[in-house]
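One letter stands for each residue in the lines below.
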There are 4 protein chains.
Amino acid sequence: MPGNSFGHTFRLTTFGESHGVAVGCIVDGCPAGLPLSVADIQHELDRRRVGQSKVSSQRKEADEVQILSGVFEGRTTGTPIMLVVYNGDAKSSHYDTIKHLYRPGHADFTWDAKYGFRDWRGGGRSSARETIGRVAAGAIAKLLLATVGVQIVGYTLALGELRAQVYDEGEIERNIMRCPDPAVAEQMIERVEAARRSLDSLGGIVEVRARGVPAGLGEPVFDKLQADIGKAMFSIPAIKGVEFGVGFDVIHLRGSENNDAFVRRADGSIGTASNRHGGILGGISTGEEITVRLAAKPPASIAQTQQTVDQQGNPSAIEVKGRHDPTVLPRLVPIAEAMLALVLADHLLRQRTARVVPEPEPSSYPSEYV
Amino acid sequence: MPGNSFGHTFRLTTFGESHGVAVGCIVDGCPAGLPLSVADIQHELDRRRVGQSKVSSQRKEADEVQILSGVFEGRTTGTPIMLVVYNGDAKSSHYDTIKHLYRPGHADFTWDAKYGFRDWRGGGRSSARETIGRVAAGAIAKLLLATVGVQIVGYTLALGELRAQVYDEGEIERNIMRCPDPAVAEQMIERVEAARRSLDSLGGIVEVRARGVPAGLGEPVFDKLQADIGKAMFSIPAIKGVEFGVGFDVIHLRGSENNDAFVRRADGSIGTASNRHGGILGGISTGEEITVRLAAKPPASIAQTQQTVDQQGNPSAIEVKGRHDPTVLPRLVPIAEAMLALVLADHLLRQRTARVVPEPEPSSYPSEYV
Amino acid sequence: MPGNSFGHTFRLTTFGESHGVAVGCIVDGCPAGLPLSVADIQHELDRRRVGQSKVSSQRKEADEVQILSGVFEGRTTGTPIMLVVYNGDAKSSHYDTIKHLYRPGHADFTWDAKYGFRDWRGGGRSSARETIGRVAAGAIAKLLLATVGVQIVGYTLALGELRAQVYDEGEIERNIMRCPDPAVAEQMIERVEAARRSLDSLGGIVEVRARGVPAGLGEPVFDKLQADIGKAMFSIPAIKGVEFGVGFDVIHLRGSENNDAFVRRADGSIGTASNRHGGILGGISTGEEITVRLAAKPPASIAQTQQTVDQQGNPSAIEVKGRHDPTVLPRLVPIAEAMLALVLADHLLRQRTARVVPEPEPSSYPSEYV
Amino acid sequence: MPGNSFGHTFRLTTFGESHGVAVGCIVDGCPAGLPLSVADIQHELDRRRVGQSKVSSQRKEADEVQILSGVFEGRTTGTPIMLVVYNGDAKSSHYDTIKHLYRPGHADFTWDAKYGFRDWRGGGRSSARETIGRVAAGAIAKLLLATVGVQIVGYTLALGELRAQVYDEGEIERNIMRCPDPAVAEQMIERVEAARRSLDSLGGIVEVRARGVPAGLGEPVFDKLQADIGKAMFSIPAIKGVEFGVGFDVIHLRGSENNDAFVRRADGSIGTASNRHGGILGGISTGEEITVRLAAKPPASIAQTQQTVDQQGNPSAIEVKGRHDPTVLPRLVPIAEAMLALVLADHLLRQRTARVVPEPEPSSYPSEYV
């Protein structure tokens, strides 16, 4: 069973290597009738693009997406949506000298163990360029979610021990760290620049929130909402931990402290007075905000000399040249948003078959969808 | 797409409600020729059974498993293995008085939101009894993994702020907390008994390790080993966080500190000098020990009176009677082991199709498999 | 990837061997709220049961189904529906003497080639008893289809060269051949009895029709309606050919003769003036009656002595004792109906996600579903 | 669940519309290490291309394939293989005048019923251009099958009542009908030209054979080899019937006549003395030649004026201009071969997990695969 597809009803398959001809994806299962343009997708790709700031690497790529199928007269047709980004600025010669060495923290060794050999140019398919297909597909998922009022926002919560103390959503896209606390963002930027100067890299935490998610999404056993989101997040390169709501801190709470009381809201609907559960109970959305956090490791590619072995196991020093990100956090934000959007779009559609008599849909879709 | 199956090649489908007729599962895709007996499965079910100690609830159930298909003359035949446990000691009357109320921290509200109604007896399918099918299937997965030398061990790492300081594997199954540090185990037991007396509950951390996993398992993009294990763990009730290797602490390390150096081992194979990566790089096993940690919330069922609403949103106090676990940790251990075993068994089989010319299998299987 | 599941959204997994403990299935993905009783399922199982007439074998089995999960207070809950039939009257000793021989026309040799060994008792899992799970699941699918007005009817169209000349639907269940032409049914019965006397067996054709199928079901590329129905029918033991509408006779028609003209019906809807296409165009239902025919081979089990080899390839004569059907046709009818129902139920649910704004459902469901 | 993917372990996803930007596919699950070049794929695409003879339509398209990913230094890497063919010579203006009319025998009406609207240019995704992705993927499947000695050959067996009487395999690719009987091929060509002159079209039968298939492929219940092949064939546009071995004629044979006797071959292996079963018993390959036949309807596009309705149901005459094939048979041959190859490649890989101790692979792979 191949592993390059994600989702059941809204389903993504990605392809492409870092220094191959192109990267991209097929989105299968997007319902017919969704307004969709290249600009919708390009906007999200621009958010993840490298070379966009001094905290990211200097590699220059336009990452211009083309839609090869599935859209007619500005709307999705229900057929597969093929999205392709041709690779441009790829210098494989950086890698030629180290192709027989196993870069520490990278997937070179494990790919050889799995397949017997690998496309060593730029990390091949283990490159973060693979996430272009995800972000492109996630842009479509976000549009589908918007039809029922779901919004997704992600940001850098922490870099090392530097952690946002203020949550000002309007600030997120205004600073290159995508941190909702502008003062801490400044400190983060200094820290990243220092790391670059010392030829090192830094990890941190990204948080993503989804608002307006209707209660009832998620399948109660294996495809719990947190299970599918958890898988989505752990499928992103460099993620070492994922948590929901209060997360690992839940171990410091008693049941009587952790249980969120159910209440009736002003509009008559049922909700919870607090949201320690992070928007999911029993694997199913409660209607409260879904909150998930991801711990990203410091990028494995650093400009320092490191000790390793070659393919025969002979000890060797290695210098990984090329253009490295001292931190992945700002670029991780749109990727994590995309993965959350993909899971929610999938479950939004899956929920349509939960009852013999379907749940009432929103009383009126915005006119552009009708 | 229904959500009650797990795995691609080694595939599990569970069924059953807490107070229904039976719970169990079908395992499809287990290769032919694996020696399998009822005792192999019963052993693992006994490990997860309630009523087994003073830190767990007092409900008495034998949980005797029957094999209805798929085994012939003591070996699996390649056909579906149907495992069933008939439900015994179920007192639904406890729940009759609260069936219109939403228990805080439980899935009652979200199930109603999803399906319009629910089987309210004993939590229905959202009960932890659903995990019986998982543990039974996991027992088979463990046997399959053992044919290539993989071993799995789980234990309670932390209860609240109490954390094992010593790792003595032989102690794990000797104390009722399944903690590898016998002194800390004693403290944990006292803490649990105090929580029971105060009608409250406690969360904690379970850690699971897999040893002897061959390098090369896992699919590099969406079905990364950590993604599938992450999904597996988040599909267990009550889990709020999952981490691998150094986990969330990775944010306090620099790339130069976090990268594990590759080395040649005494036997000529390639490994890493340290294991901060937790046995997985690029989504593929490295051959080092796989380590994963799960944060479990304090059980939502507590004997205290709590505030909630009924199905119409009317405020109401609720007392959840019945038999409650003050902590799920010791019972979580075999469940988490089972989920890890299911993922690894699936990827062990999936790996057989990674190359045109299959990798050499172990030079000699133990004679009982041939 | 194991092969014992069928369907995507309405999904069936069967288990069980002929002389094992039990046979049955799990239905996953049935929406919540469908009225369902044991009697609904038992009715269909009784239709497929052996020992029911002189044209079928004499084996006596009650085939009593139990529902182990997924139904609460008379309605489906959205959780897996587990159905089990315990095996009763199984005499394996018939098979003991031939367990090393390959029965001509049977799966003994191919199972050994696949798995290395097999459960030889009563054909093991290759027995037609496996279809019990399908018929049980199909009964649920039929109920789901009935909520939108779909009806399915199957019958014996031909036994050898004897072919029904009259279509009187009321006659089908009145004769033991399930033939809509009562006069031809009498001839068929005589022919079957003669075959039994000569220790031989006969093949024939079953036709199944689905009425009231809404236009729009089916996915246009690989999961065309005829592709999924074709797979469903070819998955039934003994089927050697499947055709839709005019079927193989289409080769004798010119395009101008074969194209069905579109017309406006009296109720304003669009249909076709003729139905040579058998209710499906481009893989999608047209709203016309779906018609499919299956060619079933004469049962391989015959009481005559036959030439074969043993597992080592040594020539040997074989006498297959036991209770044989001289024809499978009457029992094939409910099996084929079940498979058609499973495909249509699956696509009925899948169709709910075809559009961003879902299609209007039937203006009013019958009151029992609301 | 979207319907544009096929296969489990060797898995194809196609995309593209007739007059969109491009058509193509992603092949996921192809094992690493298979030698693969553009020429291997182009060869098969050239075989299916239109404009290749007087019996096919006059549309000129180069159908040049590009490999965008998954191949490195001439070998597959185990990652998704992305294949794209940009659309060239597409004149949508032909269709502009009939976009509101439902072409008889076409999918226009059913697509509208399903999705609410459709890409009407050149039939959109219901065009036979969708099969380009299949043929491209099938070329890879054939290469994989060749590593274990499997060969696939297809041909036109019948056009209307004209049926090949001679089987000379060397003749197939020498005549434009791809008929193994050169004399009958001549008659077929005359018949097709006459049909073109009378503005009409003709159906027929294509047969495909697979040789060298190892015994043991296929899953015994729902994923029987004939079930998956049957689905594959019915997923090809225009197919109304599929049969294996003796096919529908099986109804004229008694069990004693139809059962193929098992024998020991000269090389010591076990086979059958005859092959009425068409290479499959119990859903699993026997090692004999697999034979399958497909009945293709006469193409729905004919140049005659036909009666139909528009989208509102108003009666209207329609003239379908453009370039029509009077028969699809010669082009159907490589498509049917591709679909058979895709199923067999998938089951070849799936078979690797049937046993705990894998079956011995061919003792020596040709040196180019090692």
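Residues numbered from 1 in each chain as written. Chains lettered and ligands numbered in written order. Predicted model: local features only at pLDDT ≥ 70, side-chain atom pairs only at ≥ 80, totals over all residues. Heavy atoms only, no water.

Residue-level contacts link 111 residues of chain A with 111 residues of chain B. Taken together, both faces of the contact between chain A and chain B bury some 8,400 Å²; the carbon and sulfur share is 61%. Summed over the shared surface of chain A and chain B, the result is eight salt bridges. Residue contributions to the side of chain A that touches chain B peak at seven residues, all from helix H3 (residues 108-115) of chain A. Per-class residue counts for the side of chain A that touches chain B are 46 nonpolar, 40 polar and 25 charged. Note: strand E11 (residues 239-244) of chain A against strand E11 (residues 239-244) of chain B, three bridges, orientation antiparallel. Within E11 of chain B, the residue paired with Val-242 of chain A across the bridge is Val-242 of chain B. (Contact = heavy atoms within 4.5 Å. Buried area = accessible area lost by both parts, 1.4 Å probe. Salt bridge = Lys/Arg side-chain N within 4 Å of Asp/Glu carboxyl O. Helix = DSSP H or I, 4+ residues; strand = E, 2+ residues; numbered from the N terminus. Nonpolar A, V, L, I, M, F, W, Y, C, P; charged D, E, K, R; others polar. Pairing = 2+ DSSP bridges.)

The predicted model of chain A has a mean per-residue pLDDT of 93, with 94% of residues at 70 or higher. Among the prediction metrics, the complex's ipTM stands at 0.96, with pTM recorded as 0.97. (pLDDT = per-residue confidence, 0-100.)

In screw terms, the move from chain A to chain B is a rotation of 180 degrees and a rise of 0.0 Å along the axis, fitting with an RMSD of 0.0 Å. Such values leave the two copies arranged in the relation of a two-fold axis. Among all residues of chain A, the minimum C-alpha distance to the rotation axis is found for Lys-231 of chain A, at 2.4 Å. The fraction of interface residues of chain A whose copies in chain B are also interface residues reaches 100%, indicating that both copies meet through the same surface. (Least-squares fit on C-alpha atoms with pLDDT ≥ 70 in both.)

This brings us to the sheet that holds strand E7 (residues 81-86) of chain A. All names here are of chain A. The strand order E1-E2-E3-E7-E4 describes an open sheet built from five strands, whose pairing is antiparallel. The open sheet is flanked by strand E1 (5-6) and strand E4 (65-69), the only strands paired with a single partner. In terms of strand pairing, strand E3 (residues 22-28) meets E7 through six bridges, oriented antiparallel. Bridge pairing in E7 links Gly-24 to Val-84. In the packing of helix H1 (residues 38-48) onto the sheet, contacts are made with E4 and E7, and the angle to E4 comes to roughly 140 degrees. (Axes fitted to C-alpha atoms, helices over the stretch in contact; angles between N-to-C directions.)

Bringing helix H6 (residues 225-234) of chain D into the picture now. Taking burial as the measure, the ten residues of H6 of chain D include ten buried ones, the bulk of the element. Where H6 of chain D is concerned, the buried positions are Leu-225, Gln-226, Ala-227, Asp-228, Ile-229, Gly-230, Lys-231, Ala-232, Met-233 and Phe-234 of chain D. (Buried < 20%, exposed > 50% of the residue type's maximum accessible area, 1.4 Å probe, protein only.)

What follows covers the relation of the copies chain C and chain D. Mapping chain C onto chain D leaves a residual RMSD of 0.0 Å; the transformation is a rotation of 180 degrees accompanied by 0.0 Å of translation along its axis. Here 100% of the contact residues of chain C are again contact residues in chain D; the copies associate through an equivalent surface.

Okay, the interface of chain C and chain D next. Of the residues lining the interface, 111 residues belong to chain C; the matching set on chain D comes to 111 residues. Carbon and sulfur atoms make up 61% of the area that chain C and chain D hide from each other, which totals about 8,500 Å². At the boundary of chain C with chain D, the tally comes to eight salt bridges. Put simply, chain C and chain D have 41 residue pairs in polar contact (both at pLDDT 80 or more) between them. Sorting elements by how many residues they give to the side of chain C that touches chain D places helix H3 (residues 108-115) of chain C first, with seven residues. (Polar contact = N/O pair within 3.5 Å; in protein donor to acceptor, adjacent residues only side chain to side chain.)

A word on the pairing of strand E16 (residues 290-296) of chain A. Residue and element names in this part refer to chain A. For E16, the buried fraction is high: seven of the seven residues fall into the buried class. Burial of the side chains of E16 extends over both faces: Ile-290, Val-292, Leu-294 and Ala-296 are buried on one face and Thr-291, Arg-293 and Ala-295 on the other. Bridge analysis of E11 against E16 gives five bridges, and the strand direction is antiparallel. From the neighbouring strand, Phe-244 faces E16, where its bridge partner is Val-292.

A few words on the environment of Gly-216 of chain B. Relative to the helices and strands, Gly-216 of chain B is located in the loop between strand E10 (204-211) and helix H6 (225-234). Relative accessible area serves as the criterion here: at 0%, Gly-216 of chain B is assigned to the buried category. Counting along the chain gives 99 residues from Gly-216 of chain B to Phe-117 of chain B, while the straight-line C-alpha distance between them is 45 Å. Discounting residues that sit within four places of it in the chain, Gly-216 of chain B has contacts with Thr-110, Ala-113 and Lys-114 of chain A together with Ile-284, Ser-285 and Gln-351 of chain B.

Now for the side chain of Thr-76 of chain A. As for its position among the elements, Thr-76 of chain A is in strand E6 (residues 75-76). From its side chain, Thr-76 of chain A meets the backbone oxygen of Pro-31 of chain A in a polar contact 2.7 Å long. Contacts of Thr-76 of chain A, omitting those with residues within four sequence positions, involve Cys-30, Pro-31, Ala-32, Gly-33, Leu-34, Leu-36, Gly-70, Val-71 and Ile-81 of chain A together with Phe-117 of chain D.

What follows covers the packing of aromatic side chains. Taken as a whole, this structure holds 34 aromatic pairs over all chains when the rule is applied. Residues Phe-72 of chain B and Trp-120 of chain C carry aromatic rings whose centres are separated by 6.0 Å and whose planes lie at 85 degrees to one another, so their mutual orientation is edge-to-face. Of this pair, Phe-72 of chain B sits in strand E5 (residues 71-72) while Trp-120 of chain C sits in the loop between H3 and helix H4 (131-146), each in a different chain. Here the two residues Phe-72 of chain B and Trp-120 of chain C agree in accessibility, since each one is buried. Ring centres of Tyr-155 of chain B and Tyr-167 of chain B lie 5.0 Å apart, and the angle between their planes is 55 degrees; this geometry places the pair in the tilted category. Of the two residues, Tyr-155 of chain B sits in strand E8 (residues 151-159) while Tyr-167 of chain B sits in the loop between strand E9 (162-163) and helix H5 (182-197), which places them twelve residues apart along the sequence. Chaining the aromatic ring pairs together yields one cluster made of Tyr-102 and Phe-109 of chain A together with Phe-262 of chain B. Stacked on the ring of Phe-117 of chain D, the Lys or Arg Arg-75 of chain A has its end atom at 4.1 Å from the ring centre. The cationic tip of Arg-209 of chain C hangs over the ring face of Tyr-167 of chain C; the distance from NZ or CZ to the ring centre is 4.0 Å. (Phe/Tyr/Trp six-rings, centres within 6.5 Å; stacked < 30°, edge-to-face > 60°. Lys NZ or Arg CZ within 6 Å of the ring centre and 35° of its normal.)

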